[in-house]
Amino acid sequence: MRSIKLNRVIVTVFMGVAGILFIMPFLWMLSASFKPELDVMKYPIEWIPSKWNAVENYKQVWAGAVPFTLYYWNTTKVTLMSTALSLIISAMAAYGFSKIIFKGRDILFLVVLATFMIPTQAILVPQFIMYRWLGLFDSHFGLVLLAASGVLGTFLLRQFFLGIHDEIIESARIDAAGHWTIFMRIAMPLVQPALATYMILRFIWTWNDYQNPLIFLRSDSLFTLQLGIRKFADFSGEFYSLMMAGAVSAILPLLIIFMIGQKQVIEGVAMGSVKG
């Protein structure tokens, strides 16, 4: 018993130290965003600023020469639309590949899964040509469509749908429920943990996406936050306090959505265990 308790203490201390090391860069970034420029590179590091310049720094970011607010709105719009559409398409595809029997289903799923092994860089040129031909180039709708199909989401949700007993589906069919009713009222509530997990992943991927906006956007008014930060860095790259204020503003929604989504995952697992 003593050895088990000692091992737990050692693991707890190790994980605590590792957690502090991982969070230190974020704490430094947050601290630097509150400081005057001359205090950012002070050594030893002042984790709590002796002089505060937070209001001026964040005012320069949000109301300066670079339209940071516009880029923030563009990113929020594209991310929310992409996440919602990707969740819907991935969930419908996963349900079809798991609970609807049709000829060639498993082979088709393997083909879809094989596309996940193709690097995105390998299909940029065909995508670019196709988007120019369809008139989707330099538009937010084009970015949303790029993120709409998620092979990983389809695979992840399919595994959860396979865990739903076929007897439940058959009982609903006996009660004259169609696939859409079964999908919306029975299957979707039972895979809430998977939906929350994929929602978090898709939101983070789309919010942090730099490659697609760089390739498929040209108008400054359509730029997303990642391109905006690059432009902001070119405009005020020598001022690290302003750069850190912009970075903190950029990652704040990710922290919020992660905390909200993590809670939903835990609640979904607890609800599923009670129902089971």
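That block above? That's the structure.
To start, this report covers the structure provided alongside it. Owing to the predicted nature of the structure, the values given are computational and were not obtained by experimental measurement.

### Topic: the pattern of salt bridges
Under the definition given, this model contains two salt bridges. Among the salt bridges present, the one from Arg 105 reaches Asp 106, with a minimum N-O distance of 3.5 Å. In this structure, the salt-bridge partner of Lys 231 is Asp 220, at a minimum N-O distance of 2.8 Å. One end of the pair, Lys 231, is in helix α12 (residues 225-236); the other, Asp 220, is in the loop between α11 (211-216) and α12, with 11 residues separating them in the sequence. With relative accessibility at 31%, the residue Asp 220 sits in the partly exposed group.

### A closer look at the nonpolar core
The biggest cluster of nonpolar side chains holds 43 residues, and the ones touching the most others in it are Leu 157, Phe 161, Leu 195 and Leu 225. Tallying contributions element by element places helix α13 (residues 240-275) first for this core, with eight residues. Core analysis: the next-biggest nonpolar cluster, separate from the first, contains 11 residues, Tyr 131, Leu 136, Val 144 and Leu 217 among them.

### Digging into helix α5 (residues 124-134)
Of all the residues in α5, the buried ones are Leu 124, Gln 127 and Tyr 131. Seen end-on, α5 carries its buried residues on one side only, within an arc spanning 60 degrees. Pointing more than 90 degrees away from the buried face of α5 are the exposed residues Val 125, Ile 129, Arg 132 and Trp 133. Contacts from the buried residues of α5 go to α6 (140-146) and α11. After α5 finishes, the residue Gly 135 shows a positive phi value of roughly 80 degrees.

What counts, and at which threshold
Residues numbered from 1 in each chain as written. Predicted model: local features only at pLDDT ≥ 70, side-chain atom pairs only at ≥ 80, totals over all residues. Heavy atoms only, no water. Salt bridge = Lys/Arg side-chain N within 4 Å of Asp/Glu carboxyl O. Helix = DSSP H or I, 4+ residues; strand = E, 2+ residues; numbered from the N terminus. Buried < 20%, exposed > 50% of the residue type's maximum accessible area, 1.4 Å probe, protein only. Core = buried A, V, L, I, M, F, W, Y, C linked by side-chain atoms within 4.5 Å. Arc of directions from axis to C-beta. Contact = heavy atoms within 4.5 Å.

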